[in-house]
Amino acid sequence: MAPIDLENLTYEAADGVGTVTVAREKALNALDEKTLRELLAVLDAVRLDRDLRALIVTGKGDKAFVAGADIAAMSTLGPLRARRFADLGHRVCAGLEELELPTIAAVNGFALGGGLELAMACDLVYASDRARFGQPEVNLGLMPGFGGTQRLARRVGPMRAKEMIFSGAMYGAEQARAMGLALEVVPHGELQAFCREKARLIASRGPVAVARSKRAIQVGADESLASGCELERESFGLLFGTADAAEGMRAFLEKRAPAFKGS
Ligand code: DAK
């Protein structure tokens with residue numbers, strides 16, 4: 001991947017796994033406009049990188065994943081600029097969902113407001129035992145602005161989403177796991193290695209098959225069962241035209257590990 005100029009993020013890739021880290025530690029990795037634009041640039045580059053198989057999203061330091069949209073920056077916005085700011089956040093979240101490769105949120109601390117919205121746009125969420133989750137926008141007289149009302153209600157159900165959003169309360173990692181916001185809770189110091197391990201495992205599988213599965217689950221969630229199943233059938237058939245499916249089945253029959261190429 002060609003180097004991109006980044007100030008508020010770091011990006012690195014190894015063994016087919018990219019890691020983007022929001023790095024504004026002094027503001028608990030809060031998302032301002034520049035950070036959102038840098039995230040969009042990273043997503044563009046990731047989309048074009050044929051060697052990547054999974055992307056991890058995390059926050060710098062021990063305290064925060066992302067503590068929300070940047071309140072200081074937001075406090076100066078009028079309605080039109082606020083609308084454009086919300087558009088940017090929506091584009092980042094939709095961009096993560098639309099990536100073909102799977103994404104993992106490594107929630108290493110506060111995931112609040114826009115931070116929780118960012119995590120929910122990832123395919124898999126793993127939390128450190130120090131993570132705290134919430135949509136505290138109402139404490140500021142605001143409401144979720146990057147898709148939180150929709151994604152949270154789909155993740156945890158409308159009633160729990162209403163409780164979280166109306167109260168602005170924070171929830172611990174175990175509570176978040178119990179309500180389906182995180183898949184597993186991991187000791188804080190082990191989180192990044194744990195997520196890299198999950199990402200490497202996924203990276204070793206057939207990339208086109210993983211991508212088509214992601215698309216079928218994603219699109220199917222907003223469709224009827226019948227049209228979701230139709231999409232699955234189409235994708236299943238399509239895989240039989242790929243070199244990877246031929247290689248995967250041949251490798252099984254020859255009792256060896258497959259060498260997938262993503263084609
Ligand atoms: N923005 C900017 N700075 C933040 C921040 C944030 N979201 N969160 C923390 N910081 C800064 C603090 O101001 C402080 O800076 P200094 O005073 O050191 O300069 C530094 O990070 C450390 O924070 P604390 O000193 O407060 O640390 P504590 O451990 O005491 O508390 C905390 C941690 C996470 C509980 C607390 O910082 C906190 O409550 N932070 C705010 C969390 C929050 O409310 N997040 C939601 C933000 S609102 C929309 C678009 C988007 C949105 C809404 C609408 N439209 C355009 C319609 C999204 C909104 C949000 O995400």
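Keep in mind it's a predicted model, so treat the numbers as computed, not measured.

A. Seen up close, the site of the ligand. If you check the shell around the ligand, you find 24 residues, and the closest are Lys-63, Ala-67, Ala-69, Ala-82 and Gly-114. In this structure, an oxygen atom belonging to the ligand sits 2.7 Å away from a side-chain N or O atom of Lys-63. The backbone of Ala-69 places a nitrogen or oxygen atom 2.8 Å from an oxygen atom of the ligand. For the ligand, the protein covers 62% of the area, taking 1,100 Å² as the surface of the free molecule. Counting only elements with at least two residues in the shell around the ligand, the list comes to helix H2 (71–74), helix H3 (79–98) and strand S6 (110–112). Among the residues making up the shell around the ligand, the classes are represented as 16 nonpolar, 4 polar and 4 charged.

B. The arrangement of helix H8 (residues 191–203) in detail. The end-to-end C-alpha distance of H8 is 18 Å, a good match for the 18 Å that 13 residues give at a rise of 1.5 Å each. Listed as buried for H8 are Leu-191, Cys-195, Ala-199, Ile-202 and Ala-203. Each buried residue of H8 sits inside an arc of 105° when the element is viewed along its axis, so together they form one side. Looking at the buried positions of H8, the neighbouring elements they touch are strand S2 (17–22), strand S3 (54–59), strand S5 (103–107), strand S7 (124–128), strand S10 (184–186) and helix H9 (207–221).

C. Layout of a nonpolar patch on the surface. Taken together, the side chains of Ile-71, Leu-140 and Leu-142 present a nonpolar region at the surface, about 260 Å² in accessible area. Looking at the secondary structure, you find Ile-71 in helix H2. Under the relative-accessibility criterion, Ile-71 is labelled partly exposed at 47%.

D. Layout of the pattern of salt bridges. Applying the stated criterion across every chain, the model contains 20 salt bridges. Here Asp-32 makes a salt bridge to Arg-24, at a shortest N to O gap of 3.7 Å. When its relative accessible area of 15% is taken as the criterion, Asp-32 is described as buried. Taking relative accessible area as the criterion, Arg-24 reaches 19% and is therefore assigned buried. Here Asp-87 makes a salt bridge to Arg-83, at a shortest N to O gap of 3.3 Å. One end of the pair, Asp-87, and the other, Arg-83, are both in helix H3, 4 residues apart, so they sit about a helical turn from each other.

The rules behind each value
Residues numbered from 1 in each chain as written. Predicted model: local features only at pLDDT ≥ 70, side-chain atom pairs only at ≥ 80, totals over all residues. Heavy atoms only, no water. Near = heavy atom within 4 Å. Polar contact = N/O pair within 3.5 Å; in protein donor to acceptor, adjacent residues only side chain to side chain. Areas by Shrake-Rupley, 256 points an atom, 1.4 Å probe, with all protein chains shown as cover. Helix = DSSP H or I, 4+ residues; strand = E, 2+ residues; numbered from the N terminus. Nonpolar A, V, L, I, M, F, W, Y, C, P; charged D, E, K, R; others polar. Expected span 1.5 Å × (residues − 1). Buried < 20%, exposed > 50% of the residue type's maximum accessible area, 1.4 Å probe, protein only. Arc of directions from axis to C-beta. Contact = heavy atoms within 4.5 Å. Patch = residues over 30% accessible without salt bridge, like charges linked within 9 Å, V, L, I, M, F, W, Y side chains within 5 Å. Salt bridge = Lys/Arg side-chain N within 4 Å of Asp/Glu carboxyl O.

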